[in-house]
Amino acid sequence: MIRIVIAEDENLIREALVSLLALEEDIEVVGQAASGDEALATARRHSPDVAVLDLQMPGLSGIEVAGVLARELPRCACVIVTSHGLPGHLKQALAQGVRGFVPKTITGAALAQVIRTVHAGGRHVDPQLAADAIAAGDSPLTPREADVLAAADGGAPVEDISSRVSLSPGTVRNYLSSATTKLGATTRHEAVRIARSRGWI
């Protein structure tokens, strides 16, 4: 029996996943959660074989939860289920040891098969998401440039960004200028949009 935990903040989707997977004779849902922090606590309590995690949840993201579980419960394989399958997200997930990455358009039967695959030590990445990630390439941004660009989202003034990322206004301007150039954007607002659309921030 494959023991799984499901984490999804939308009640209807979580309940549907639980109901669909409960129909599988070799899968048992031992816990469910509505946030990243709750997912971590639930996984620590039940030590499941597989954790099925929504990418974007209140608190910790599915990728952040997977990173902690990789260290604390290395025998627990993680599958990310998302409606926001951006190239950067896939690469971040794989870097954190995620073994499955699928869109929410997947069927219950297909998800059950992905769970079996990762439990057996394999990997499964949705082919279209994988192709998009390869086409997008790696992020050209340094971690600090990505942090500053993320803080600039919403059009925050340089002074606000500098206090948020603990850098001088001049250094923030340099990072914003560098990030904008690397992304081929004409303004920092366009740079933010490009980076966010690819999952790089």
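Residues numbered from 1 in each chain as written. Predicted model: local features only at pLDDT ≥ 70, side-chain atom pairs only at ≥ 80, totals over all residues. Heavy atoms only, no water.

(A) Spotlight on the overall build of the protein. In terms of regular secondary structure, the protein is built from 10 helices and six strands. For the C-alpha atoms alone, the extent of the protein along its principal axes is close to 60 × 35 × 30 Å. Here the protein holds 201 residues, and 43% of them are scored as buried. Across the protein, contacts joining residues at least 24 apart in sequence account for 63% of those joining residues at least 6 apart. When the accessible area of the protein is evaluated, it comes to approximately 9,700 Å², of which 52% is carbon and sulfur surface. Distance from the positive charge centre (19 side chains) to the negative charge centre (23 side chains) of the protein: 6 Å. (Helix = DSSP H or I, 4+ residues; strand = E, 2+ residues; numbered from the N terminus. Buried < 20%, exposed > 50% of the residue type's maximum accessible area, 1.4 Å probe, protein only. Contact = heavy atoms within 4.5 Å. Areas by Shrake-Rupley, 256 points an atom, 1.4 Å probe, with all protein chains shown as cover. Lys, Arg positive; Asp, Glu negative; His and termini not counted. Charge placed at Lys NZ, Arg CZ, Asp CG, Glu CD.)

(B) Up close: the side chain of Asp126. For Asp126, the location among the structural elements is in the loop between strand 6 (124-125) and helix 6 (127-136). Lys104 provides the closest opposite charge to the buried, unpaired Asp126, separated from it by 15 Å. Those residues in contact with Asp126, other than ones at most four positions away along the chain, are Phe101, Val102 and Pro103. (Salt bridge = Lys/Arg side-chain N within 4 Å of Asp/Glu carboxyl O.)

(C) Spotlight on the layout of surface pockets. Within this model, the largest pocket holds a volume of roughly 220 Å³. For the largest pocket, the full set of lining residues is Leu55, Gln56, Ser61, Ile63, Glu64, His89, Gln92, Gly199 and Ile201. Listed by contribution, the elements that provide at least two residues to the lining of the largest pocket are helix 3 (62-72) and helix 4 (87-95). Classifying every residue of the lining of the largest pocket gives three nonpolar, five polar and one charged. Taken as a whole, the second largest pocket encloses approximately 180 Å³ of empty space. Taken together, Gly88, Lys91, Gln92, Ala95, Ser139, Leu141, Thr142, Pro143, Ala146, Gly199 and Trp200 form the lining of the second largest pocket. Put simply, the parts of the chain that give the lining of the second largest pocket at least two residues each are helix 4 and helix 7 (143-151). Looking at the lining of the second largest pocket residue by residue, the classes come out as five nonpolar, five polar and one charged. (1 Å grid on protein atoms, 1.4 Å probe; cavity = no way out; pocket = protein on both sides within 12 Å on 5 of 7 lines; lining within 4 Å. Points joined across faces, edges and corners; volume = space filled by probe spheres on them. Nonpolar A, V, L, I, M, F, W, Y, C, P; charged D, E, K, R; others polar.)

(D) Expanded view of the sheet that holds strand 1 (residues 2-7). Taken together, the six strands give an open sheet; going across it, the order is 2-1-3-4-5-6, and neighbouring strands pair in parallel fashion. If you trace the sheet from one side to the other, it starts and ends with strand 2 (27-33) and strand 6, each paired once. Sheet topology note: the strand 1/strand 3 (residues 50-54) ladder contains four bridges and is parallel. Residue Ala7 lies in a different strand from strand 3, and its bridge partner there is Leu53. (Pairing = 2+ DSSP bridges.)

(E) Up close: the state of the cysteines. Under the counting rule described, the total for this entry stands at zero disulfides. Unpaired in terms of disulfides, Cys76 finds its nearest cysteine sulfur in Cys78, a separation of 4.6 Å. For Cys76, a relative accessible area of 7% corresponds to the buried category. (Disulfide = S-S within 2.5 Å.)

(F) View of helix 5 (residues 108-119). When the terminal C-alpha atoms of helix 5 are compared, their 16 Å separation across 12 residues agrees well with the 16 Å that a helix rising 1.5 Å per residue should span. Regarding helix 5, the residues found buried are Gly108, Leu111, Ala112, Val114, Ile115 and Val118. Projected onto a plane normal to the axis of helix 5, the buried residues spread over an arc of 160 degrees and lie on a single side. Count one or two residues on from helix 5 and you reach Gly121, which has phi positive near 100 degrees. (Expected span 1.5 Å × (residues − 1). Arc of directions from axis to C-beta.)

(G) Layout of the nonpolar core. Grouped together as the largest cluster of nonpolar side chains are 24 residues, with contacts concentrated most on Leu53, Leu69, Cys78 and Ile80. The set of elements that each furnish at least two residues to this core consists of helix 2 (36-46), strand 3, helix 3, strand 4 (77-82), helix 4 and helix 6. Considering every element that reaches this core, the biggest residue donor is helix 3, with five residues. If we skip the residues at most four places from it in the chain, Cys78 touches Ala51, Leu53, Ala66, Leu69, Val98, Arg99 and Gly100. (Core = buried A, V, L, I, M, F, W, Y, C linked by side-chain atoms within 4.5 Å.)

(H) Here's a closer look at the side chain of Thr42. Along the polypeptide, Thr42 turns up in helix 2. Overall, Thr42 belongs to the buried group, its relative accessible area being 3%. A polar atom in the side chain of Thr42 sits 2.7 Å from the backbone oxygen of Glu38. (Polar contact = N/O pair within 3.5 Å; in protein donor to acceptor, adjacent residues only side chain to side chain.)

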